[in-house]
Amino acid sequence: AKILEFNFNSTVATKKLTEISAYLRRWKDVIMYGTKYLQANKDSKISYWVGNAFFEAEDFGKSQQYLTESIKQDANNVDAIVLLGKVYIELENVPAAMQTYTQAIAVNSNNAIIIYELGLLYYSQNKSKEAVKYFEMAASKGFQQDNDFNENLGMAYLDVDIKKAVEILNKV
């Protein structure tokens, strides 16, 4: 006997299956159900999950498309904004990633991880003064100041304040 019959055209079912698949990290299913759902509906959360699924599948172009749509629908979706920043990093577009991380901080200025990652992006572009600013800001927001943190902060300080750099690097 049939206990459950799935109607693939049901928007309620495809939305729920997208969400369940996302929680189970079944990315192929997220793409299958989510793209079907989004053909007839606009939904920031589902667009985010589909963008995340494409990110996991390393299809960064499609990930960018769905994450951009998610942010267009909900400009405060910090998870989508940060993941879009990671997409730009994978696409080797660091300036766009920096802009996106700055946008994420504007939405959530207390997330020390996002602030620290923006500092890393500035450091990767040899913009030490800005890197120090964001590393220090991350620390003030509670980012763990372990050896990796101190090494990054100390190395960034080398171009800003050599005495402070030596002081920090001696902690490592």
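The structure contained in this document is the topic of the report that follows. (Residues numbered from 1 in each chain as written. Predicted model: local features only at pLDDT ≥ 70, side-chain atom pairs only at ≥ 80, totals over all residues. Heavy atoms only, no water.)

1. Focus: a negative patch on the surface
This is how it is decided: Nonpolar side chains (Val, Leu, Ile, Met, Phe, Trp, Tyr) are joined into patches within 5 Å and like charges within 9 Å, using only residues with over 30% relative accessible area and no salt bridge. Using a 1.4 Å probe, the Shrake-Rupley method yields the accessible areas, and only the shown protein chains count as cover for residues. Salt bridge criterion: a side-chain nitrogen from Lys or Arg within 4 Å of a carboxyl oxygen from Asp or Glu. His is not counted here, nor are the chain ends, while Lys and Arg score as positive and Asp and Glu score as negative. A charged residue contributes its charge at one atom only: NZ of Lys, CZ of Arg, CG of Asp or CD of Glu. Only DSSP runs of H or I covering at least 4 residues are called helices, and only runs of E covering at least 2 are called strands; the numbering of each starts at the N terminus.
On the surface, Glu56, Glu58, Glu90 and Glu92 cluster together into a negatively charged patch. Looking at the element boundaries, glutamate 92 is found in the loop between α5 (78–90) and α6 (94–107).

2. Comments concerning the side chain of asparagine 77
Quick note on the threshold: Whenever two N or O atoms come within 3.5 Å, that pair is a polar contact, provided that in protein one can donate a hydrogen and the other can accept it, and provided that, for residues adjacent in sequence, both atoms are side-chain atoms. Contacts are assigned to residue pairs that have any heavy atoms within 4.5 Å of one another.
With respect to the element layout, asparagine 77 can be found in the loop between α4 (60–73) and α5. A polar contact of 3.1 Å, which involves the side chain of asparagine 77, links it to the backbone nitrogen of alanine 80. Contacts of asparagine 77, omitting those with residues within four sequence positions, involve Ser44, Tyr48 and Ser70.

3. Observations regarding helix α2 (residues 27–40)
To keep it simple, the criterion reads: Helix span, expected: 1.5 Å multiplied by one less than the number of residues in the helix.
Between the first and last C-alpha of α2 there are 20 Å, a value that for 14 residues agrees with the 20 Å anticipated at 1.5 Å per step. Where the residues of α2 are buried, they touch α1 (11–23), α3 (44–56) and α4.

4. Examining the packing of aromatic side chains
Note the cut-off: The aromatic pairing rule takes the rings of Phe, Tyr and Trp, using the six-membered ring of Trp, and pairs them if the centres are within 6.5 Å, calling planes under 30 degrees apart stacked, those over 60 edge-to-face and the rest tilted. Accessible area is worked out with a 1.4 Å probe on protein chains only. A residue is then buried under 20% of its type maximum, exposed over 50%, and partly exposed in between.
This model, assessed by the stated rule, comprises ten aromatic pairs. Taken together, a centroid distance of 5.5 Å and an interplanar angle of 65° make the contact between phenylalanine 55 and phenylalanine 60 edge-to-face. Phenylalanine 60 shares its class with phenylalanine 55; the two are buried. Clustering of aromatic rings is evident, with ring pairs tying together Tyr116, Phe135, Phe143 and Phe149.

5. Let's talk about the packing of helix α9 (residues 147–157) against helix α10 (residues 162–169)
Using the following cut-off: Axis lines are fitted to C-alpha atoms, over the contacting stretch for helices. Their N-to-C directions set the angle, which ranges from 0 to 180 degrees. Oblique is the label for every angle not falling under 35 degrees (roughly parallel), over 145 degrees (roughly antiparallel), or within 65 to 115 degrees (roughly perpendicular). Note: crossing handedness is left-handed where the near helix turns anticlockwise from the far helix by less than a right angle, and right-handed where it turns clockwise. Each residue is assigned to one of three groups, with Ala, Val, Leu, Ile, Met, Phe, Trp, Tyr, Cys and Pro labelled nonpolar, Asp, Glu, Lys and Arg labelled charged, and all others, Gly among them, labelled polar.
At a closest axis distance of 8 Å, the pairing of α9 and α10 adopts a crossing angle of 160°. As summarised for this structure, α9 and α10 are arranged roughly antiparallel, according to the angle between their axes. In this structure, α9 crosses over α10, and the sense of that crossing is left-handed. Two secondary-structure elements touch here, α9 through Asn150, Glu151, Leu153, Gly154, Met155 and Tyr157 and α10 through Ile162, Lys164, Ala165, Ile168 and Leu169. Considering only residue class, the contact of α9 with α10 consists of seven nonpolar, two polar and two charged.

6. Here we look at the environment of valine 12
Relative to the elements of secondary structure, valine 12 occurs in helix α1. What makes valine 12 exposed here is its relative accessible area of 60%. Spatially, the C-alpha atom of valine 12 lies 8.6 Å from that of tyrosine 37, the residues being 25 residues apart in sequence.

7. Considerations on a nonpolar patch on the surface
On the surface, a nonpolar cluster with roughly 320 Å² of combined accessible area is contributed by Met155, Leu158, Ile162 and Val166. Structurally, isoleucine 162 is set in helix α10. According to the relative accessible area criterion, isoleucine 162 is exposed, its value standing at 53%.

Taken by themselves, the reported measurements are silent on function.
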